[in-house]
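This is what each chain is made of:
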Amino acid sequence: MSRAFKLALASLVALALFATGCGGDDGDDTKAAFVMVAPIGDAGWNFMHNQGRLGAQEETGVETAFVESIPEGGAEFDNAVQQFIDDGYNVIITTSFGYMDATEQFANDNPDVIFEHVSGFKMNDTNFGNTFGRMYQPRYIAGMAAGAATESDRIGYVAAFPIPEVIRGINAFALGVARTNPDAVVEVAWTSTWFDPGVEGNTAQALIDAGADVLTMHQDSTATGQAITDAGGTFIGYHSDMSEQVDGYLTAPVWDWTPRYSQIIEDAKNGTYTPEAWWGGMADGVVDIDIPDSSPVAGEMKEVKQQILDGEFDVFDQGSVVAQDGTVIFQDGVIVNGFPNAFAPDVMVGEPGAAIDDFILLDMNFFVENVEGSLG
Amino acid sequence: MRNLRLVRRETPLAGGQFRAVLVGVVIALLVGVILLLATGNNPVSTYLRMLDGAFGSPRAWSNTLTRAVPLGLAGLAVAVAGSMGLWNIGAEGQIIAGAIGAAWVARLAPDLAGPLLIPLMLLGAVLGGAVLALGPALARARLGVSEIITTLMLNEVAIRIVRYLVNGPWKDPEGNNFPIAPEIPDQAKLPGLFERANIGVLIAAVVVGLFGWLVSRSAWGYELRIAGSSERTAEYVGISLRTKILTVLVMSGMFAGLAGGIELTGSASRLVEGVAGGWGFAGIIVAALALMRPSGVAAVAVAFGAVQIGGLSIQTQGVPAAIADILQALILFGALAAAVFGNYKLVRGEPATTLDTAGGAA
């Protein structure tokens, strides 16, 4: 085999030289790269980030690239990001919570590259910011549809982990439910996974067995939707319009990363990028709700959406917000009682008498009164 | 076809295992060329990118070696047990237990100087892995309970424990309520070696090298292999099977635990639920590719790390992750198949005697 082998090797080397010779650098143009933790084709979290990437590419005309299925914080992440840097990408957006520490390290090591981390809380003063969205706003409106849709007055909520983002979404949703249906309860069941169609489906089934005829979820698959559709009930989705995947689909609070990603890339291009802890809402376009005309409360949902867009309505600033044990937490936008910190139950979050601020929303660790289930 | 069966070769294929695996990998790469062409990707630039991603720069080397550390130690954990016929399927959980052990030490003595703290954390990691392996080891040695089941099930237990810790008592007070432990102190991080690699690479190399040598060359290793091939022979020559099972399984846990400690003090900055990253399960593949010989683990781990790192890096030039995954799987499968055919051959016809099959299955 030796002669054939040498021949093959020689041609491979020739091709290699040819291939490397063809590579050219375009200079200092802005190029944006995205790192995703799971495959983009899941109609969920990563799918919407890729939609945002494509949208931003179209709006800004900037070349973008992405990698998917990159484990959190290991050598794979390091290699992918380093290759993007080597290839001249100067905006790098990392879209999973577990990338936070590694992104911070990259940002400090590469001052000429802009890093934006989605869903975390770290940043620096020069080239590293974080981005997230106020999903609780459209969740509230989705809750209104759920409250109107349920006949058993029992709504199930399949949820991943008891972290503030998820808890906040559940509370906002439950407040929306209470607005259109004061008798309905929201039962929460935890899956301890972001993406596991089997577990999500089983958890959904347990909620259906307990009497729920409307289900929603904070997960990455559509398994909850399949389960409630099979049971003849109504599905409130999440992430994206899931009407094509799920027959029982009614509405969904959705992500739209295009405006935010376009803004980051434009700022990078113009040299005006400043890191911030960016927490955008419906008015910024990062979150939205798909309002179904078939819902009996569609008109009211549109009204609330308009009020939120106009800055006239705050989900947690309306009358009293009461915790499961009957404690009044907020009253007309003012903190009445704090709630225990998840880490140290003897430490209370929230200064009685102070106005509701982002800090207390970001640390949310209680369930409102029409939620059934425990925090973990 | 119905009569085809695998029979052990009387003498392994000429040129040895290495060449067989090389041929297997080349065949896999050729199949990959078809796959890449069919999906509209340039196979030459893809393979060059893969090579470049794994070995093209000191940086790439550092990532490949960093990935090889948990793969090698987990592979050793499986192979050392495997060389006496035991199956440690619990490396994933033992890595977690190791990371917990190391994190615990850092919690107890956060102000200790690095040169003291790091060795103590790694000791904590080794003990953590040993603790998780002790139950299955005792159950197997004393009661004959299958270690396959017990080590496998303890993976779940370890995941539940780390989940409890990062959601409860060890949750980072400054972590915005996320399920993460606090970052380990700065002086607890392993010193760097070059680029992104830390001295964990050296530690793992020494451990894997030493135990590879011990199992294949020392009297202790010889006894191990005898015990693995025939219990009766072992008893006849006076080897205490119970003690051997106990030490070997606990030792296996220690190797995987060390991997967890190196991950925590090296790559990861804090304890999180996903600290083991699936490398414990990948260790089973590493050990299988090394034909359960601890002496082969180091080379396999580096090759596996290269496939992992280089395989993912081809995505940065536009090859979809699914294709990258298939390529990685093809390469591993090709190597594994070739490793088998280096020692076994396909034979047509009924078994000549029952003894023949018994020999082939050993």
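Residues numbered from 1 in each chain as written. Chains lettered and ligands numbered in written order. Predicted model: local features only at pLDDT ≥ 70, side-chain atom pairs only at ≥ 80, totals over all residues. Heavy atoms only, no water.

1. Focus on the overall build of chain B
Here's step 1: Secondary structure summary: chain B contains 14 helices and 4 strands in total.
Here's step 2: Taken along the three principal axes of its C-alpha coordinates, chain B extends 70 × 60 × 30 Å.
Here's step 3: Put simply, 78% of the contacts in chain B that link residues at least 6 apart link residues at least 24 apart.
Here's step 4: Of the accessible surface of chain B, which amounts to about 16,100 Å², a share of 68% is contributed by carbon and sulfur atoms.
Here's step 5: Put simply, chain B has 25 plus and 19 minus side-chain charges, and the middle of one group is 8 Å from the middle of the other. (Helix = DSSP H or I, 4+ residues; strand = E, 2+ residues; numbered from the N terminus. Contact = heavy atoms within 4.5 Å. Areas by Shrake-Rupley, 256 points an atom, 1.4 Å probe, with all protein chains shown as cover. Lys, Arg positive; Asp, Glu negative; His and termini not counted. Charge placed at Lys NZ, Arg CZ, Asp CG, Glu CD.)

2. Some words on the overall build of chain A
Here's step 1: Across its full length, chain A holds 11 helices and 18 strands.
Here's step 2: The globule rule puts the C-alpha radius of gyration for 376 residues at 21 Å, and the 23 Å found for chain A is close to it.
Here's step 3: Considering chain A as a whole, with its 376 residues, one finds that 56% of them fall into the buried category.
Here's step 4: In chain A, the share of contacts with a sequence separation of at least 24, taken over all contacts with a separation of at least 6, comes to 63%.
Here's step 5: Per element, the accessible surface of chain A, about 14,900 Å² overall, is 50% carbon and sulfur. (Rg over C-alpha atoms; globule rule 2.2 N^0.38 Å. Buried < 20%, exposed > 50% of the residue type's maximum accessible area, 1.4 Å probe, protein only.)

3. What about the domain arrangement of chain A?
Residues and elements named next belong to chain A.
Here's step 1: Segmenting chain A into domains produces domain 1 (31-133) and domain 2 (136-254 + 288-372).
Here's step 2: The centre of domain 1, based on its C-alpha atoms, is set 28 Å off from the matching centre of domain 2.
Here's step 3: At the interface, 7 residues of domain 1 touch 6 residues of domain 2.
Here's step 4: Summed over both partners, the interface of domain 1 with domain 2 buries about 640 Å², with 58% contributed by carbon and sulfur atoms.
Here's step 5: The largest per-residue losses of area from domain 1 upon contact with domain 2 belong to Ala43, Trp45 and Phe132, which jointly make up 56% of the total buried on that side. (Domains from an automatic or database assignment. Buried area = accessible area lost by both parts, 1.4 Å probe.)

4. Some remarks on the sheet that holds strand S15 (residues 334-335) of chain A
Residues and elements named next belong to chain A.
Here's step 1: The strand order across the open sheet built from 3 strands is S13-S14-S15, with neighbouring strands paired in antiparallel fashion. At either end of the open sheet lies a strand with only one pairing partner, and these are strand S13 (320-322) and S15.
Here's step 2: Both strand S14 (residues 328-331) and S15 contribute to a ladder of 2 bridges, which runs antiparallel. When the bridges of S15 are listed, Gln331 appears paired with Val334. (Pairing = 2+ DSSP bridges.)

5. What about the interface of chain B and chain A?
Size of an interface, as often reported, equals the accessible area lost when the parts are brought together.
Here's step 1: Tallying the contact residues gives 38 residues for chain B and 39 residues for chain A.
Here's step 2: Interface area, chain B with chain A, both sides summed: about 3,200 Å², of which 54% is carbon and sulfur.
Here's step 3: Across the chain B-chain A interface, the total number found is 7 salt bridges.
Here's step 4: For Asp109 of chain A, the salt bridge identified is with Arg196 of chain B, shortest N-O distance 3.1 Å.
Here's step 5: On the surface where chain B and chain A come into contact, there are 16 residue pairs in polar contact (both at pLDDT 80 or more).
Here's step 6: For the side of chain B that touches chain A, the secondary-structure elements that each account for two or more residues are helix H2 (43-55), helix H3 (58-82), helix H12 (294-313) and helix H13 (321-343) of chain B. (Salt bridge = Lys/Arg side-chain N within 4 Å of Asp/Glu carboxyl O. Polar contact = N/O pair within 3.5 Å; in protein donor to acceptor, adjacent residues only side chain to side chain.)

6. So, the side chain of Thr131 of chain A
All names here are of chain A.
Here's step 1: As for its position among the elements, Thr131 is in strand S5 (residues 128-133).
Here's step 2: Relative accessible area serves as the criterion here: at 0%, Thr131 is assigned to the buried category.
Here's step 3: What Thr131 contacts, discounting residues up to four positions off in sequence, is Glu116, His117, Val118, Ser119, Trp257, Arg260, Ile264 and Trp278.

7. Concerning the sheet that holds strand S11 (residues 277-280) of chain A
Residues and elements named next belong to chain A.
Here's step 1: With respect to topology, 6 strands assemble into an open sheet ordered S2-S1-S3-S4-S5-S11, the strand pairing being parallel. Looking at strand neighbours, the two that pair on one side only are strand S2 (63-67) and S11, the edges of this open sheet. Recorded for the sheet is a direction-independent mean angle of 20° between the axes of neighbouring strands.
Here's step 2: Of the strand pairs in this sheet, strand S4 (residues 114-118) and S5 are connected by 4 bridges, and their pairing is parallel. In the strand pairing of S5, Glu116 is matched with Gly129.
Here's step 3: With respect to the sheet, helix H9 (residues 258-270) is in contact with strand S1 (31-35), strand S3 (91-94), S4, S5 and S11, its orientation differing from that of S4 by roughly 165°. (Axes fitted to C-alpha atoms, helices over the stretch in contact; angles between N-to-C directions.)

8. As for the confidence of the model for chain A
Here's step 1: For chain A, per-residue confidence averages 89 on the pLDDT scale, and 91% of positions sit at 70 or higher.
Here's step 2: Across chain A, the element-wise mean pLDDT spans from 47 in helix H1 (residues 2-22) of chain A up to 98 in S3 of chain A. (pLDDT = per-residue confidence, 0-100.)

9. A look at the pairing of strand S8 (residues 214-218) of chain A
Successive residues of a regular strand alternate their side chains across the two faces of the sheet.
All names here are of chain A.
Here's step 1: Most of S8 is tucked away: 5 of the 5 residues are buried.
Here's step 2: Because side chains alternate across S8, one face comprises the buried residues Val214, Thr216 and His218, and the other comprises Leu215 and Met217, equally buried.
Here's step 3: Bridge count between strand S6 (residues 154-159) and S8: 5 bridges; the pairing is parallel. Its bridge partner being in S8, Val158 is matched across the sheet by Met217.
Here's step 4: Examined bridge by bridge, S8 and strand S9 (residues 234-236) share 3 bridges and lie parallel to one another. Bridge pairing in S9 links Leu215 to Phe235.
Here's step 5: The handedness of the S8 to S9 crossover, carried by helix H8 (residues 223-230), is right-handed. (Right-handed = clockwise from strand over helix to strand, strands pointing away.)

10. Quick word on the side chain of Ser62 of chain B
Residue and element names in this part refer to chain B.
Here's step 1: With respect to the helices, strands and loops of the structure, Ser62 is situated in helix H3.
Here's step 2: Given the relative accessible area of 0%, Ser62 is considered buried.
Here's step 3: Separated by 2.5 Å, the side chain of Ser62 and the backbone oxygen of Arg59 make a polar contact.

11. Some points on helix H3 (residues 75-86) of chain A
Helical geometry: 3.6 residues make up each α-helical turn, so side chains three or four residues apart lie on a common side.
Residue and element names in this part refer to chain A.
Here's step 1: Given a rise of 1.5 Å per residue, 12 residues ought to cover 16 Å, and the 16 Å separating the end C-alpha atoms of H3 matches this to within 8%.
Here's step 2: Burial runs high along H3: 11 of the 12 residues are buried.
Here's step 3: Regarding H3, the residues found buried are Ala75, Glu76, Phe77, Asp78, Asn79, Ala80, Val81, Gln82, Gln83, Phe84 and Ile85.
Here's step 4: Following H3 by one or two positions, Gly88 adopts a phi angle in the positive range, close to 90°. (Expected span 1.5 Å × (residues − 1).)

12. Re unusual backbone geometry
Here's step 1: Phi at His239 of chain A is positive, roughly 80°, even though this residue is not glycine.
Here's step 2: In this structure, His239 of chain A sits in the loop between S9 and strand S10 (249-255).
Here's step 3: Of note, Met292 of chain B is a non-glycine position whose phi angle comes to about 60°, a positive value.
Here's step 4: Structurally, Met292 of chain B can be placed in the loop between helix H11 (279-289) and H12.

13. A few points about the packing of H3 of chain B against helix H10 (residues 241-267) of chain B
All names here are of chain B.
Here's step 1: The N-to-C vectors of H3 and H10 enclose an angle of 170°; their axes lie 7 Å apart at closest approach. As far as their axial angle goes, H10 and H3 are roughly antiparallel. Residues Thr66, Arg67, Val69, Pro70, Leu73, Leu76, Ala77, Val80 and Ala81 of H3 pack against Val248, Leu249, Ser252, Phe255, Ala256, Leu258, Ala259, Ile262, Glu263 and Ser267 of H10.
Here's step 2: Grouping the constituent residues of the contact of H3 with H10 by class yields 14 nonpolar, 3 polar and 2 charged. (Parallel < 35°, antiparallel > 145°, perpendicular 65-115°, else oblique. Nonpolar A, V, L, I, M, F, W, Y, C, P; charged D, E, K, R; others polar.)

14. A word on the environment of Gln307 of chain A
Residues and elements named next belong to chain A.
Here's step 1: Its place among the elements puts Gln307 in helix H10 (residues 298-309).
Here's step 2: By relative accessible area, Gln307 is classed as partly exposed at 26%.
Here's step 3: Sequence spacing of Gln307 and Ala283 is 24 residues, and the spatial spacing of their C-alpha atoms is 10.0 Å.
Here's step 4: Gln307 has contacts with Glu312 and Phe313, leaving out every residue within four places of it along the chain.

15. Looking at helix H5 (residues 114-143) of chain B
All names here are of chain B.
Here's step 1: A rise of 1.5 Å per residue sets the reference length of H5, with its 30 residues, at 44 Å; its end C-alpha atoms lie 43 Å apart and thus fit the reference within 8%.
Here's step 2: At Ala133, H5 shows its largest kink, close to 35°, and the proline Pro136 lies no more than four residues downstream.
Here's step 3: Just beyond H5, the residue with positive phi is Gly144, at close to 75°. (Bend = angle between axes of the 7 residues up to and from the residue.)

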